[in-house]
Amino acid sequence: MDEARAADLCAADHPSDARIYDYLLGGSHNFAVDRQMAHRLLAAAPDHWRAIRENRAFLRRAVGALLAAGVRQFLDIGSGMLSVGSVHELVQPHHPDARVVYVDIDPVAVAQARGQLAGNPAATAIEGDLRRPAAILRDPATTALIDFDRPVGLLLVAVLQFISDADDPAAVIGYLRDAVAPGSYLVVSHGVAPRWAGPDCDFIRLFEEIARPLTSRSCAEIRTLLTGFELLEPGVVWLPQWRPETPFDVGERPQRTNMVAAVGRKRTAG
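What counts as what
Residues numbered from 1 in each chain as written. Predicted model: local features only at pLDDT ≥ 70, side-chain atom pairs only at ≥ 80, totals over all residues. Heavy atoms only, no water. Helix = DSSP H or I, 4+ residues; strand = E, 2+ residues; numbered from the N terminus. Rg over C-alpha atoms; globule rule 2.2 N^0.38 Å. Buried < 20%, exposed > 50% of the residue type's maximum accessible area, 1.4 Å probe, protein only. Contact = heavy atoms within 4.5 Å. Lys, Arg positive; Asp, Glu negative; His and termini not counted. Charge placed at Lys NZ, Arg CZ, Asp CG, Glu CD. Pairing = 2+ DSSP bridges. Right-handed = clockwise from strand over helix to strand, strands pointing away. pLDDT = per-residue confidence, 0-100. Phe/Tyr/Trp six-rings, centres within 6.5 Å; stacked < 30°, edge-to-face > 60°.

Q: Help me out: how do you make sense of the overall build of the protein in this one?
A: Of regular secondary structure, the protein possesses eleven helices and eight strands. Taken against the 2.2 N^0.38 rule, which gives 18 Å for 270 residues, the C-alpha radius of gyration of the protein at 18 Å falls within 12% of a compact globule. Structurally, the protein occupies a C-alpha span of about 50 × 50 × 40 Å along its principal axes. For the protein, buried positions account for 54% of its 270 residues. Long-range pairs, those at least 24 residues apart, make up 72% of the contacts in the protein with a sequence separation of at least 6. Seen as two clouds, the 28 positive and the 33 negative side-chain charges of the protein have centres 4 Å apart.

The following block contains the structure:
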């Protein structure tokens, strides 16, 4: 029995945030228990579906901007299930030599990713915890594909809200920043306070049944986390406002996503 199939059999009775995300994106790597929880979450917070879709659209636009800037290697930390529009699908049709390393804390998501990436020598998945960035960067699978002497696209998309203040996300990002070459980019999306409700919210309670506690932050706090990176225009904005392809993509209430996005470039020496 292959790794991905074995992981599926072990996981089918408990919902996973990665598989719920996959389901809401229209993917097929999910179970009935995930779909049931997805609908409970949407009943508690109907705008969550919008945030999921807008977050994936932001990832696509941000990766496109990095490709246009010449980036050809990507480290996607907190990647979850490889659902519709994953990074290797965005970059390799245009640049077959582009390299992608996916990282997730969920062993089921990693096993599924490895199964999907079988036969793709330029992409892989590893199990890793963003709170331990050194282990991610030193993993043999990472060093086999990523040349840290060349610009890297660091993708921290919808993952930093799972890192508590006690785990010092600024230090985590600082470690990653110091490890990559000048001209590298950091792509971030993050839930924003006070748009998220407090701990008595049904959505928060449901979500924390399947994932680590959420830490929402203000725009100012998120901007501080990006110290050392020069923000690309338009800066820290609501997800649909980050370089929309048409004015219609923004809509009248972009704040309904409850998430902001930003892309920063590590300054060159001197």
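This is not the end of the story, as more comes after the structure.
Q: What exactly am I supposed to notice about the pairing of strand E2 (residues 99-104) here?
A: In regular strands, side chains alternate between the two faces of the sheet. Within E2, five of the six residues are buried, which leaves it mostly tucked inside the rest of the structure. In this sheet, E2 lies alongside strand E1 (residues 73-77) in parallel orientation, the contact comprising five bridges. Within E2, the residue paired with aspartate 76 across the bridge is tyrosine 102. For E2 and strand E3 (residues 123-127), the ladder comprises five bridges, and the chain directions are parallel. For valine 101, the partnering residue across the bridge sits in E3 and is threonine 124. This β-α-β element, E2 to helix H6 (residues 107-117) to E3, shows right-handed connectivity.

Q: How should I be thinking about the confidence of the model for the protein in this particular structure?
A: Detailed reading of the predicted coordinates is not advisable wherever pLDDT falls low. With 90% of its residues at a pLDDT of 70 or more, the protein shows a mean pLDDT of 87. Predicted confidence for residues 3-10 stays below pLDDT 50, and this span has ten contacts to residues more than four positions away or in other chains.

Q: What's the story with the packing of aromatic side chains in this structure? I'm lost.
A: Two aromatic rings are characterised by how far apart their centres lie and by the angle between their planes. In the structure shown here, the tally under the stated rule is one aromatic pair. Both rings, one in phenylalanine 58 and one in tryptophan 242, keep their centres 5.6 Å apart while their planes meet at 80°; by these two values the pair is edge-to-face. One end of the pair, phenylalanine 58, is in helix H4 (residues 48-68); the other, tryptophan 242, is in the loop between strand E7 (237-238) and strand E8 (259-266), and 184 residues separate them in sequence. Judged by relative accessible area, tryptophan 242 falls into the buried class, the value being 0%.

Q: Explanation requested: unusual backbone geometry in the structure shown.
A: Negative phi characterises most residues that are not glycine, and trans characterises most peptide bonds. With an omega dihedral of 10°, the bond running from glutamate 233 to proline 234 counts as a cis peptide bond. Phi at alanine 158 is positive, roughly 55°, even though this residue is not glycine. Looking at where alanine 158 falls in the secondary structure, it is placed in the loop between strand E4 (153-157) and helix H9 (169-179). We note that arginine 243 has phi near 50°; this positive angle belongs to a residue other than glycine. Mapping arginine 243 onto the fold places it in the loop between E7 and E8. Assessed through its relative accessible area of 38%, arginine 243 is described here as partly exposed.

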